[in-house]
Amino acid sequence: MYQRIRNLREDRDLTQTQMGKILSCSQRVYSNYERGDIDIPTAILIKLADFYDVSVDYLLNRTDNPKMAR
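Below is a summary of the structure that appears in this document. This one's a predicted model, so the numbers in the text were calculated from it and none came from an experiment.

1. Examining the environment of L23
Okay, step 1: When you line up the elements, L23 lands in helix α2 (residues 16–23).
Okay, step 2: Taking the C-alpha atoms as reference points, L23 and P41, separated by 18 residues in sequence, lie 11 Å from one another.
Okay, step 3: Apart from residues lying up to four places away in sequence, L23 is in contact with Y30, I44, K47 and L48.

Next comes the structure, spelled out in structure tokens:
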């Protein structure tokens, strides 16, 4: 479900464990986010968007434009 967060992580050669530390969650929780097993909380979506410098809409596949509206 959240293929884009996996692709963005892999493009930066980051592990799920590293992303868990960045987001203050465990590797298992982060893995569940990527697989879509649990919904990503809004605060985490915002952290991910800020970290990758993309829009939340891009992460949620609502647009193919990764740029954030400013």
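2. Notes on the nonpolar core
Okay, step 1: Ranked by size, the top nonpolar core spans 18 residues in total, and within it I5, Y30, I40, L48, Y52 and L59 carry the most contacts.
Okay, step 2: The set of elements that each furnish at least two residues to this core consists of α1 (3–11), α2, α3 (27–35), α4 (42–52) and α5 (56–59).
Okay, step 3: Apart from the residues within four sequence positions on either side, L59 is in contact with Y2, R4, I5, L8, L45, L48, A49 and V54.

3. Quick look at the side chain of N32
Okay, step 1: Note that N32 resides in helix α3.
Okay, step 2: Look at N32 and you get buried, because its relative accessible area is 17%.
Okay, step 3: Those residues in contact with N32 that sit more than four places away from it in its chain are D37 and I38.

4. Observations concerning the side chain of E34
Okay, step 1: Along the chain, E34 turns up in helix α3.
Okay, step 2: In this structure E34 touches M1, Y2, I5, R6, R9 and Q16, once residues within four positions along its chain are discounted.

5. Some details on α1
Okay, step 1: Taken residue by residue, α1 has R4, I5, L8 and R9 as its buried positions. Buried residues along α1 cover an arc of 135° about the axis, so they all sit on one side.
Okay, step 2: Where α1 is buried, its residues touch α2, α3, α4 and α5.
Okay, step 3: Immediately downstream of α1, the backbone of D13 shows phi near 55°, a positive value.

6. Side note on unusual backbone geometry
Okay, step 1: The phi dihedral of D13 is positive, around 55°, even though this residue is not glycine.
Okay, step 2: If you trace the backbone, D13 turns up in the loop between α1 and α2.
Okay, step 3: In this model, N61 sits at a positive phi of 60°, which is unusual for a non-glycine residue.
Okay, step 4: Residue position: N61 is located in the segment after α5.

The rules behind the values
Residues numbered from 1 in each chain as written. Predicted model: local features only at pLDDT ≥ 70, side-chain atom pairs only at ≥ 80, totals over all residues. Heavy atoms only, no water. Helix = DSSP H or I, 4+ residues; strand = E, 2+ residues; numbered from the N terminus. Contact = heavy atoms within 4.5 Å. Core = buried A, V, L, I, M, F, W, Y, C linked by side-chain atoms within 4.5 Å. Buried < 20%, exposed > 50% of the residue type's maximum accessible area, 1.4 Å probe, protein only. Arc of directions from axis to C-beta.

Geometric descriptors of this kind do not, in isolation, establish any biological role.
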